[in-house]
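Given next are the chains, with one letter for each unit.
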Amino acid sequence: MLWATQSGFVGVNATYRLAPAFPWPAGAEDMGAVVQWVAENITSRGGDPGRIFLMGQSAGAIHVASYVSHGEFHKVKGGGLAGAIMVSGIYDLTASPAGDAELAYYGSDPSRYAERSSLQGLVASPIPFLITAAELDPPRFVEQFELLKQASCKRPSGGARSFMLPQHSHMSEVYAINTPDTRLTDEIFEFVKSVK
């Protein structure tokens, strides 16, 4: 949030309930509650409810993607977002075997994975989004980044903005925010400025 406020944004930091105590769709429901709260309260804090950008990394990116792609979780008309930023997420559960974290959150029934995945809903969504991954991410995250990047080319609203962050890992990409390494935050800033 320090970077956000120093960059002229109003930053809101939020979290979500954790699996296995709170499985699917808790994360997407929580994102809906966050967007609703911001939409209802940000004006009194100097923000613009018409310019809400939702960002998440790793599991947070998965929840942001689920929220954007599954309209049933929208508590604000049209999703209430000017844009979404997803950093190193998983978007298609059917593309590779589920790991322990996915099993804990999405459940052990693979016949439900396609409907719980966000890839197709992201392609259909009119909400602009930025996707990023880190060069040194675990291979699955890089594969998911490439899947979504390619699929987004079929969006009626045009391809998503995408960026591969060089020389970073799954954790260092977010630890670099608000440091002299501005490669990720420069992309975020340019994305936000580009969305009208």
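Now for a quick tour of the structure.

Cut-off values and rules
- Residues numbered from 1 in each chain as written.
- Predicted model: local features only at pLDDT ≥ 70, side-chain atom pairs only at ≥ 80, totals over all residues.
- Heavy atoms only, no water.
- Phe/Tyr/Trp six-rings, centres within 6.5 Å; stacked < 30°, edge-to-face > 60°.
- Helix = DSSP H or I, 4+ residues; strand = E, 2+ residues; numbered from the N terminus.
- Buried < 20%, exposed > 50% of the residue type's maximum accessible area, 1.4 Å probe, protein only.
- Pairing = 2+ DSSP bridges.
- Axes fitted to C-alpha atoms, helices over the stretch in contact; angles between N-to-C directions.
- Contact = heavy atoms within 4.5 Å.
- Core = buried A, V, L, I, M, F, W, Y, C linked by side-chain atoms within 4.5 Å.

1. Looking at the packing of aromatic side chains
Point 1. The full count for this structure, using the stated rule, is seven aromatic pairs.
Point 2. Taking 5.8 Å as the distance between ring centres and 85 degrees as the angle between the ring planes, the aromatic pair formed by Trp24 and Phe73 counts as edge-to-face. Taken together, the residues span a long stretch of sequence, with Trp24 in the loop between helix H1 (2-6) and helix H2 (26-41) and Phe73 in the loop between helix H3 (59-69) and strand E2 (83-87) at a distance of 49 residues.
Point 3. On the accessibility criterion, Trp24 (14% relative accessible area) is buried.

2. Examining the sheet that holds E2
Point 1. Strand order in the open sheet formed by four strands is E1-E2-E3-E4, and the pairing between neighbours is parallel. Edge strands, defined here as strands with exactly one partner in the open sheet, are strand E1 (53-57) and strand E4 (161-165). Each strand axis lies, on average, 10 degrees off the axis of its neighbour in the sheet, ignoring direction.
Point 2. Examined bridge by bridge, strand E3 (residues 129-134) and E4 share five bridges and lie parallel to one another. Residue pairing in the sheet places Leu130 in a bridge with Arg161 of E4.
Point 3. Across the sheet, helix H9 (residues 183-194) touches E1, E2, E3 and E4, and the angle it forms with E4 is around 175 degrees.

3. Here we look at the nonpolar core
Point 1. Core analysis: the largest hydrophobic core is formed by 37 residues, its most contacted members being Leu81 and Met86.
Point 2. Elements that contribute at least two residues to this core include exactly H2, H3, E2, helix H4 (100-106), helix H6 (119-124), E3 and helix H7 (139-152).
Point 3. Per-element accounting of this core gives the leading share, six residues, to H3.
Point 4. Counting residues in hydrophobic clusters, the runner-up holds 13 residues, among them Trp3, Ala4, Leu165 and Leu184.

4. Observations regarding the pairing of E2
Point 1. Of all five residues in E2, five are buried, a share of seventy percent or more.
Point 2. In E2, alternate side chains face the same way, and those of Gly83, Ile85 and Val87 on one face and Ala84 and Met86 on the other are all buried.
Point 3. With five bridges connecting them, E1 and E2 associate as parallel partners. Bridge pairing links Phe53 to Gly83 in E2.
Point 4. Sheet topology places E2 next to E3; four bridges connect them, and they run parallel. Looking at E3, one finds that Val87 is bridged to Thr132.

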